[in-house]
Amino acid sequence: MYLCTRMYGIIRKILFSIDPEKVHYMVMKRLQWAYNITPLRALLKNMYHFKHPSLQRTLWGITFPNPVGLAAGFDKDAKYTDALAALGFGFVEIGTLTPRPQSGNPKPRLFRLPADRALINRMGFNNEGSEIAAERLKHRKEKLIIGGNIGKNKDTPNEDAIKDYEASFRHLYDVVDYFVVNVSSPNTPGLRALQDKEPLMHILHTLTQLNKSLGTPKPLLLKIAPDLTNEQLDDIINIVKETEIQGLVATNTTIDRSNLTTDKAAVEAIGAGGLSGAPVRCRATEVISYITQKSNGTIPIIAVGGIFTAADAKEKLDAGASLVQVYTGFVYEGPATASNICKGLIS
Ligand SMILES: Cc1cc2nc3c(=O)[nH]c(=O)nc-3n(C[C@H](O)[C@H](O)[C@H](O)COP(=O)(O)O)c2cc1C
C-alpha cells in the first residue's frame, strides 16, 4: 500500500497538470470502466477494500462497514457509486441534487491550491436532476450505503425552495439510506439565507412530515457551513431539537480566505467560491466540538472538512463526530485514501 501511495504521488503530478474538472470525469470514467471488468474489479477490491469488525458503526439503525465516507459533490449524479464502493468507502453521499437538471456556473469553476492542499469551487449544483440519479441508483451492483444530498434549483426563489426539497426527497426516497438538506453551499445565490431559523424550520418540519408519510422514515440530516457564528450554531442546535431531525453534516466549504499560503493575488484572481481541504480542517473541528459540548453529545454528526489522514479523522471523531467524509483529501491522497484512514483508525 505504501508503494501505491508513492505511485499516486507521481500520478498526481500528471493529473494536476490537467484542468481539474476535466480530469475528475476522466479518472472516474476510467475507474468505472475498470470496475466493469471482472478481474480488474477483483484487483481494485483486493487493493483498496479494508475490512475490520472494529471499524463498523451502527447509527440510525444503519450498519456502516467503516466510518469513512465520500462527501457530497464528488459523485453528484450517482454515476460511479459501484467503483467508489470498490475503493473501500463505507458510504457515499450523492448530490447535491436538484429536482430539475441544471448546468451550474460557467467554467472554469474548480481550482487547485496545492501549496495549501486545498480546492476552491463554484460549481453551482451542476447535476442531471434527482429523478435521473434515482433511476441510476436502482441499477447499482454494490450494496453501498448511499446518502442523498438535496438542494434547490438556482432559478427557484427562496420562498418556493421547499417545493424543490420535497420533489427531490420524493424522487430519492426509495433509493437512498439517509437524506441531507443542503442550505450551506456558497455557490447558489441566496441559498445560505435558508440557514436562518424561520425558513430552515419550515423546510425541516415539512420534510419530516413528508418523511413520515412515505413509509419507514429515513434519517434526515442538515449540512451546515463552517462560517456560522456561535450564536447561529446555538440556533442550529435548537432547530435540530425542535424539528427532531437525526443529525448534522459539518461542514461545507468556507468563504473565508485567511491564512492561506497561496499568493494573495492568485487567490483573488480565482474569485468567488467555497474553499475546502486543509485550511478548513480546524474550523470544521471547532464547529463539531462546539455542537457536541453544547448539546451534551446528543446530536449525531458526520464530520467533513480537511480530512486527509487517519490522524485528521481521529481528530474529528474525538471532537464528537460519529462518521467522517472526505472530498479534497481524496483528490490529494488518491485511491487508497479510505483504506489508509481505516487502517490508521484501528492501529
Ligand atoms: C468540487 C466540490 C464540489 C462540491 N459540491 C458539493 C455539493 O454539491 N454539495 C455539498 O453539500 N457539498 C459539496 N462540496 C463540499 C464537500 O462535500 C465538503 O463539505 C467540503 O469540501 C469540505 O470537505 P473537504 O475539505 O474534505 O473537501 C463540494 C466540494 C468540492 C471541492
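None of these values were measured; they are calculated from a predicted model.

**Q** Summarise helix H3 (residues 38–48); cite the residues concerned and give the values.
**A** For H3, every residue scored as buried is listed here: Arg41, Leu44 and Tyr48. What you see down the axis of H3 is that its buried residues fit within an arc of 60°, all on one side. Across from the buried face of H3, at angles greater than 90 degrees, the exposed residues are Thr38, Pro39 and Asn46. Along its buried surface, H3 packs onto helix H2 (20–35), helix H4 (81–86) and helix H13 (337–346).

**Q** Outline the site of the ligand, supporting the account with residue identities and numerical values.
**A** As a structural note, the neighbourhood of the ligand is formed by 24 residues, with Ala72, Thr96, Gly277, Gly306 and Thr328 the closest of them. Here an oxygen atom of the ligand sits 2.9 Å away from a polar atom, N or O, in the side chain of Lys76. With the chains in place, 98% of the 610 Å² that the ligand exposes on its own is no longer accessible. Within the residue set of the shell around the ligand, elements represented by two or more residues are strand S4 (91–97), strand S6 (118–121) and strand S11 (274–277). Of the residues belonging to the shell around the ligand, the class tally is eight nonpolar, 14 polar and two charged.

**Q** Could you give me a rundown of the environment of Asn182, with the residues and numbers involved?
**A** One can find Asn182 in strand S8 (residues 178–182). Using a relative accessible area of 3% as the deciding quantity, one classes Asn182 as buried. Measuring from C-alpha to C-alpha, the distance between Asn182 and Tyr165 comes to 9.3 Å, with 17 residues separating the pair along the chain. There is a polar contact of 3.4 Å between the side chain of Asn182 and the backbone nitrogen of Ser185.

What counts and how
- Residues numbered from 1 in each chain as written.
- Predicted model: local features only at pLDDT ≥ 70, side-chain atom pairs only at ≥ 80, totals over all residues.
- Heavy atoms only, no water.
- Buried < 20%, exposed > 50% of the residue type's maximum accessible area, 1.4 Å probe, protein only.
- Helix = DSSP H or I, 4+ residues; strand = E, 2+ residues; numbered from the N terminus.
- Arc of directions from axis to C-beta.
- Contact = heavy atoms within 4.5 Å.
- Near = heavy atom within 4 Å.
- Polar contact = N/O pair within 3.5 Å; in protein donor to acceptor, adjacent residues only side chain to side chain.
- Areas by Shrake-Rupley, 256 points an atom, 1.4 Å probe, with all protein chains shown as cover.
- Nonpolar A, V, L, I, M, F, W, Y, C, P; charged D, E, K, R; others polar.

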